[in-house]
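Chains, contacts and geometry: an overview
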Amino acid sequence: MKYSQSFIKTKKETPRGANSINQALLERGSFIYQVGSGIFAYLPLGYKVYENICRIVREELGAIGCQEVSLPVLHPSELWKTSGRFEEIGDELLKVNTSREAEFVLAMTHEEVMTPMAKEKVSSFQDLPFTLNQISKKIRYEARPRGGMIRLRDFNMQDAYSFHANDEQLDKTFDDFIDAYKKIFERVGIKAIMVEADSGMMGGKDSREFMVITPVGEDRILLCDKCGKAFNAEVKPENNKCTCGNDLKEEKGIELAHIFKLRTKYSEKFGLNFTDEKGESKPVIMGCYGIGLDRLVGAVAETSNDEYGLIWPENIAPAKVYLIDLEGSKGEEIYNQLTDLGIDVIFDDREVSAGIKFSDADLLGIPYRVVISKKTIAEGKVELKKRGEKETILTDVDNILSDLRK
Ligand SMILES: [Zn+2]
């Protein structure tokens, strides 16, 4: 991508109203655009980051057998009355009335559609287990959105729902998700810890959260530095002691993902039953598993940065290379060369000072900066620098791919 033809327009100053590091940096780098309170659009660079995360999520969840579907955000209220959550959830659940039709609910989660939909498949134990996954919009009326991309009114989530004939099947899928989520966070490049949590409005018994520790987090986490266990402070064990006996240390965190053993809460409400081996009718046993994807973008931005700007982990960066040509003639050629090698490049071809180009390279957080200068290009070399590191190295233009991989 050539900067001059792109939608990128960086800002030097922190935009008014940006009250968190992630929002300030994402807006300054033109990754996101604020539409309203708690409502953001992804601009091209931000959408690339988001799509890179979605690709990783799809790969890891495909690997544990999830099948992908796409569900609507507009739900007939009847479904939420059947589950009981039409009344249970307060103002966070947005209700829509029209003069012509019955009322609707805007989806903040999808048990109310997934559970009756599963009847299309399930009649006998032989139809189980299976897991349906989706990446879709959710709407939640937050009274006070905050933290930039952390607490939103309109957001994208990965949410999966699993259906089982017995607890053993549910336990296996639950463990598969724990492993898959650990892989996802590792590939995304964020340090997430698993926490024992409370199920809240989702119901069900067992639940786990994945959290990133940061002082701006709104959740309190109790950590054990002896055995590595962590607890949400809401389910705090007695006396602030770990199950291993060690004292727990309190930290703050942002919740990135939450998984629940719903068991039969929703299948009973919607009459989702199956016939077991003995011919008995039983409610299907369910689990659900979700990652807040925009929040994940925000959490990476919040925790991976320095005084100059963002530092995107390589796997989700909007481009791999930021190319600056100070020499003035070879840029185009090297840009084409890198692009032909399949490397995503932002070529800063603007008529602006070198200083502006260098500071944008840092602000945008692109993993590698390649600089062409008169002195080095005469020897067929360019300068390579990794974002977040001080050292620059000289590398042969011909070897740049192998050097980038190192
Ligand atoms: Zn412990």
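Described in the following lines is the structure provided in the data block.

Procedures and definitions
- Residues numbered from 1 in each chain as written.
- Predicted model: local features only at pLDDT ≥ 70, side-chain atom pairs only at ≥ 80, totals over all residues.
- Heavy atoms only, no water.
- Helix = DSSP H or I, 4+ residues; strand = E, 2+ residues; numbered from the N terminus.
- Contact = heavy atoms within 4.5 Å.
- Areas by Shrake-Rupley, 256 points an atom, 1.4 Å probe, with all protein chains shown as cover.
- Lys, Arg positive; Asp, Glu negative; His and termini not counted.
- Charge placed at Lys NZ, Arg CZ, Asp CG, Glu CD.
- Pairing = 2+ DSSP bridges.
- Axes fitted to C-alpha atoms, helices over the stretch in contact; angles between N-to-C directions.
- Donors = N, O, S within 2.8 Å, 3.2 Å for Na, K, Ca; no water.
- Buried < 20%, exposed > 50% of the residue type's maximum accessible area, 1.4 Å probe, protein only.
- Polar contact = N/O pair within 3.5 Å; in protein donor to acceptor, adjacent residues only side chain to side chain.

**Observations regarding the overall build of the chain**
Of the regular secondary structure elements, the chain holds 12 helices and 23 strands. Overall, the C-alpha framework of the chain stretches about 80 × 60 × 40 Å when taken along its three principal axes. Residue pairs at least 24 apart in sequence account for 66% of intrachain contacts in the chain once pairs closer than 6 positions are excluded. Carbon and sulfur atoms form 47% of the exposed surface of the chain, whose accessible area is close to 19,300 Å². For the chain, the centre of its 57 positive side-chain charges and the centre of its 67 negative side-chain charges are spaced 3 Å apart.

**A word on the sheet that holds strand β22 (residues 381–386)**
Across the sheet, five strands lie side by side as β20-β19-β21-β22-β23; this open sheet has mixed pairing. The open sheet is flanked by β20 (345–348) and β23 (392–396), the only strands paired with a single partner. Neighbouring strand axes in the sheet, compared pairwise and without regard to direction, differ in orientation by 25 degrees on average. Across four bridges, strand β21 (residues 368–372) lies against β22 in antiparallel orientation. When the sheet's bridge partners are listed, V371 is paired in β22 with E383. The sheet contacts of helix α10 (residues 354–364) involve β19 (321–325), β20 and β21, and relative to β19 the element is tilted by about 180 degrees.

**Quick notes on the coordination of the zinc ion**
When a metal carries six donors in an octahedron, the ideal angles between them are 90 or 180 degrees, while four donors in a tetrahedron ideally lie at 109.5 degrees. The protein atoms that coordinate the zinc ion are C224 (SG), C227 (SG), C242 (SG) and C244 (SG), at distances of 2.2 to 2.3 Å. All donors to the zinc ion come from one chain, and their sequence spacing reads C-x2-C-x14-C-x1-C. Residue classification places C224 among the buried positions, given a relative accessible area of 4%. For C227, a relative accessible area of 41% puts it in the partly exposed group.

**A closer look at the environment of S124**
For S124, the location among the structural elements is in the loop between α5 (111–118) and β7 (130–139). Here S124 falls in the buried class, since its relative accessible area comes to 17%. Distance from S124 to E168, taken between C-alpha atoms, is 17 Å for residues 44 residues apart in sequence. Ignoring any residue separated from it by four or fewer positions in sequence, one finds S124 in contact with F274 and T275.

**Digging into the side chain of H258**
Mapped onto the elements of the fold, H258 is located in strand β13 (residues 249–263). Residue H258 is classed as buried on the basis of its relative accessible area of 12%. Within the local environment of H258, its side chain forms a polar contact with the side chain of E255, the two groups lying 3.3 Å apart.

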